[in-house]
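Listed below, chain by chain, are the residues.
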Amino acid sequence: MNGSSGSTGTSGVQDRVELAIGGMTCASCAARIEKKLNRLEGVTASVNYATEKATVSYGGEVRVPDLIAVVEKTGYTAAVPAPPAPEPAPAPGGAPGTAAGAGPGTAPGTPDDLGVLRHRLLVTVALAVPVIVLAMVPAWQFEYWQWLSLTLAAPAVIWGGWSFHRAAFVNARHGAATMDTLVSIGTLAALAWSVWALFFGMAGHPGMTHPFELTIQRGDAGGDIYLEAAAGVTAFLLTGRYLEARAKRKAGAALRALMELGAKEVTVLRDGIPVLLPVGRLAVGDRFLVRPGEKIATDGVVVEGSSAVDAAMLTGESVPVEVAVGDTVTGATVNAGGRLVVEATRVGADTQLARMAKLVEDAQSGKAAAQRLADRISAVFVPAVLVLSLGTLAFWLLTGGGVTAAFTAAVAVLIIACPCALGLATPTALMVGTGRGAQLGILIKGPEVLENTRKADTIVLDKTGTVTTGRMTLLAVRAAEGTDEAEVLRLAGALEGASEHPIAQAVAAGAAERLGTTALPVPEDFANVPGLGVQGVVDGHAVLVGRERLLAEWSIALPGALAEARDAAETAGRTAIVVAWDGTARAVLEVADAVKDTSAEAVARLRDLGLTPILLTGDNRTVARAVAAEVGIDAEHVIAEVLPQDKVEVVKRLQAEGRSVAMVGDGVNDAAALATADLGLAMGTGTDAAIEAGDLTLVRGDLRAAADAIRLSRKTLFTIRTNLGWAFGYNVAALPLAAAGLLNPMLAGAAMAFSSVSVLANSLRLRAFRALDR
């Protein structure tokens, strides 16, 4: 479902593969891997720290094993994620690249990984707290307290921080420095200084006391120890890493839930006999049974039965949709009513559910322009911090600050500078925002889309299927005086039901719905009069339904009241159909492509977002203006009688006027215009071509979703910018403070952990986003 079980061909000789990356601990790790992969000829790679995945396009002589080898030479692990197993749940504890560890946003992978991290954190905290308390409260420092502190701090720093030390060692072997390098050097240096002071300095003497200072004091006190800083920093950073891992799992929860929505088993009909099979064995053309309360196994067409289908989990739409023979249904939706037999039309990765999941996952792997800048900064940030730390050490020594103060300030610089927040700023907001969008039936294709939603000032709305239902509907019955409306519907509906013309079918369906019956009389002597209408005998009445000219051929005149009704209908852009029987005109029926109930509200919301709505249609100007007036679009913003191939030119003309154009459409003839627009919003109820061309896909056919999509995209972009602003600002402000001796190393560790957690917490606020109509 995630499209990463192998490479998939793209344009030309390029193939594409998604690799699960193991061992990354910060943004600079991702930047290093990305840089190494991109050095290969014909390779374009993007590495995402938050999802722990690399998306790689490659060609020429390069193969997947070559890509994996480069990642491993860089000091990390890489594997092609295994395809989803047919079992309901993958086995826990998988290594990177297995089904258990390959899900999006699951880093550090599995519940087992979180459990190990939690255990290490709890033990480290239990060891570090007494050390910190003893150092902070001189009154509690008994005769040999410093040796107890060493006994507790040493395992906290070495065992508790082992993941930092191991990663730093691996990176050093490959000539690289990352966040782990800073943490490992800082904590081990603090521990080593303390051991030297205890065994070779004055700190080991019985009765030694140690005041706790929030800032660094000048002077050289060989009796000072920093066990509380070493243990405290390790505990704080482990806390931050654990909270980060939990938050990253929450951030990817929406996509995981989406991917797990599908049915696991299906009842296939083999020669009329139901056979229970794993859903993976279902093939296109198979007919399968869906009982009330069961999930529909895959996309298909109803061939038997009728029911109501609950699609809330895919579209966010709470009202079940009625389906009958000939209607399409979507996999993972729930049969809420009767028994259905469905013929499979799409299976596996071709289903709407799988395509939704792939769109969301691809979006989460992308990078906004600001994040690319952050990645470039992270790649050089760690070496720069090491140089700054050495410079701080030298400055304090040369200005008479003393060895202890110089060493402490240098350690504080190392610890405060870890660039985790920079690496998490964009991907975590994207993960939560796109995941929340998927829950609401809004699919965002990538981070560059977010920037376009902010810039858009004009939105072009295709009329048919977007603002309107896209099908002809009986809107009104204007009966002559003394004529029963129900009788008009019964006779006209019966006659029109025998015709295949879309307008005739609209009249028949509208009559049946208004009369509350599916059993209309069967006409006799039915005849279709090309271009004019239909005629026949219904219940002994000679009935005519069609244009006024049809009645004229039978010398039937239209009374004044009905003529006025006809004129009013045509002025409103509706099709007027005249009904007569037994030689007398009885009624005028008004038929049109009905405006969706929610379109007017949607247009108002789009206008509230600062967008100018423009109605675009191939219909005549009268119909277009009538629809525009109904939904609240000004007449001067109606562009009518446009041929399908000219829609692109309309979008280009608006762009040439200096507008940033968004477009909403659903048909094949909208695809090119959607691709040309600065922002394309495709209705998910439309064609595959439109969906592929759009930047945002609205799974439900409700135009209000367009306003929700733009709101969510803008909110996600704002969250990304806030995260990056905080992360940059934090490092810019904190480094001078640490270098100036205004931060104890333990406080620096707490501040660094808080920086990452605050970015994650800010991103998780997107989970509270609500559609306005809910």
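All of these numbers come straight from a predicted model, not from anything done at the bench. (Residues numbered from 1 in each chain as written. Predicted model: local features only at pLDDT ≥ 70, side-chain atom pairs only at ≥ 80, totals over all residues. Heavy atoms only, no water.)

### Digging into the overall build of the protein chain
Looking only at helices and strands, the protein chain features 26 helices and 27 strands. Looking at the protein chain as a whole, 54% of its 774 residues qualify as buried. Split by element, the accessible area of the protein chain, about 31600 Å² in all, is 58% carbon and sulfur. (Helix = DSSP H or I, 4+ residues; strand = E, 2+ residues; numbered from the N terminus. Buried < 20%, exposed > 50% of the residue type's maximum accessible area, 1.4 Å probe, protein only. Areas by Shrake-Rupley, 256 points an atom, 1.4 Å probe, with all protein chains shown as cover.)

### A word on the nonpolar core
In terms of nonpolar packing, the biggest core is built from 46 residues, with Ile459, Leu461, Val467, Leu606, Val664 and Leu681 touching the most fellow members. When residues no more than four places from it in sequence are discounted, the contact partners of Ile459 are Leu606, Leu611, Thr612, Pro613, Ile614, Ala662, Val664 and Ile710. (Core = buried A, V, L, I, M, F, W, Y, C linked by side-chain atoms within 4.5 Å. Contact = heavy atoms within 4.5 Å.)

### A short note on unusual backbone geometry
Positive phi values are uncommon outside glycine, yet Asp525 reaches one of about 50°. If you trace the backbone, Asp525 turns up in strand E18 (residues 524–529). Look at Asp582: it is not a glycine, yet its phi comes out positive at around 50°. On the accessibility criterion, Asp582 (41% relative accessible area) is partly exposed.

### What about the pairing of strand E26 (residues 679–683)?
The element E26 is extensively covered by neighbouring structure, given that 5 of its 5 residues are classed as buried. Residue alternation in E26 divides its side chains into two sets, Leu679, Leu681 and Met683 and Gly680 and Ala682, and both sets are buried.

### Details of the pairing of strand E16 (residues 458–462)
Extensive coverage of E16 is indicated by the burial of 5 of its 5 residues. Here E16 shows a buried face lined by Thr458, Val460 and Asp462 and a second buried face lined by Ile459 and Leu461. Bridge count between E16 and strand E25 (residues 661–665): 4 bridges; the pairing is parallel. Of the residues in E25, the one forming a bridge with Ile459 is Ala662. (Pairing = 2+ DSSP bridges.)

### Thoughts on the sheet that holds E25
Taken together, 7 strands build an open sheet; the order of strands is E15-E27-E26-E25-E16-E23-E24 and the sheet is mixed. Each end of this open sheet is capped by a strand with a single partner; those strands are strand E15 (442–444) and strand E24 (638–639). Two elements, E25 and E26, share 4 bridges in a ladder whose sense is parallel. Paired with Met663 across the strands is Gly680, a residue of E26.

### Some remarks on the pattern of salt bridges
Under the counting rule described, the total for this entry stands at 18 salt bridges. The partner of Glu18 in a salt bridge is Lys53, and the shortest N-O contact between them spans 3.5 Å. On the criterion of sequence distance, the pair formed by Glu18 in strand E2 (residues 15–22) and Lys53 in strand E4 (residues 53–58) is long-range, its members being 35 residues apart. The shortest N-O distance in the salt bridge between Arg490 and Asp539 comes to 2.3 Å. Linking Arg490 in helix H16 (residues 485–496) with Asp539 in the loop between strand E19 (533–538) and strand E20 (541–546), this pair joins segments that are 49 residues apart in sequence. (Salt bridge = Lys/Arg side-chain N within 4 Å of Asp/Glu carboxyl O.)

### Concerning the packing of H16 against helix H17 (residues 502–515)
Interhelical geometry of H16 versus H17 gives an angle of 140° and a closest axis separation of 8 Å. Between H16 and H17, the angle falls in the class oblique. Crossing hand, H16 versus H17: left-handed. Across from Glu485, Ala486, Leu489, Arg490, Ala492, Gly493 and Glu496 in H16, the residues of H17 making contact are Ala504, Gln505, Val507, Ala508, Ala511, Arg514 and Leu515. For the contact of H16 with H17, the class distribution of residues is 8 nonpolar, 2 polar and 4 charged. (Axes fitted to C-alpha atoms, helices over the stretch in contact; angles between N-to-C directions. Parallel < 35°, antiparallel > 145°, perpendicular 65-115°, else oblique. Left-handed = near helix turned anticlockwise from the far one by under 90°. Nonpolar A, V, L, I, M, F, W, Y, C, P; charged D, E, K, R; others polar.)

### As for the UniProt feature "transmembrane region" (unreviewed entry) in the protein chain
According to UniProt, the feature "transmembrane region" (unreviewed entry) maps to residues 121–138, 144–162, 182–205, 225–243, 377–398, 404–426, 723–740 and 746–764 in the numbering used here. Secondary structure within residues 121–138 divides into 89% helix and 0% strand; the distance between the first and last C-alpha atoms comes to 27 Å. Across residues 723–740, helical content stands at 94% and strand content at 0%; the span's end C-alpha atoms are separated by 26 Å. (UniProt positions renumbered as here; feature names shortened; annotations may be inferred.)

### Description of the sheet that holds strand E11 (residues 321–323)
Backbone hydrogen bonds are what pair the strands of a sheet, in a parallel or an antiparallel way. Taken in spatial order, the 3 strands line up as E11-E10-E13 in an open sheet, and their pairing is antiparallel. The open sheet is flanked by E11 and strand E13 (334–335), the only strands paired with a single partner. As paired strands, strand E10 (residues 307–310) and E13 are joined by 2 bridges and run antiparallel to one another. Pairing of Asp310 across the sheet is with Val334, part of E13.

### Points about helix H12 (residues 403–416)
The end-to-end C-alpha separation of H12 is 20 Å, in line with the 20 Å expected for 14 residues at 1.5 Å each. When you tally the buried positions in H12, you get 13 out of 14 residues, the bulk of the element. (Expected span 1.5 Å × (residues − 1).)

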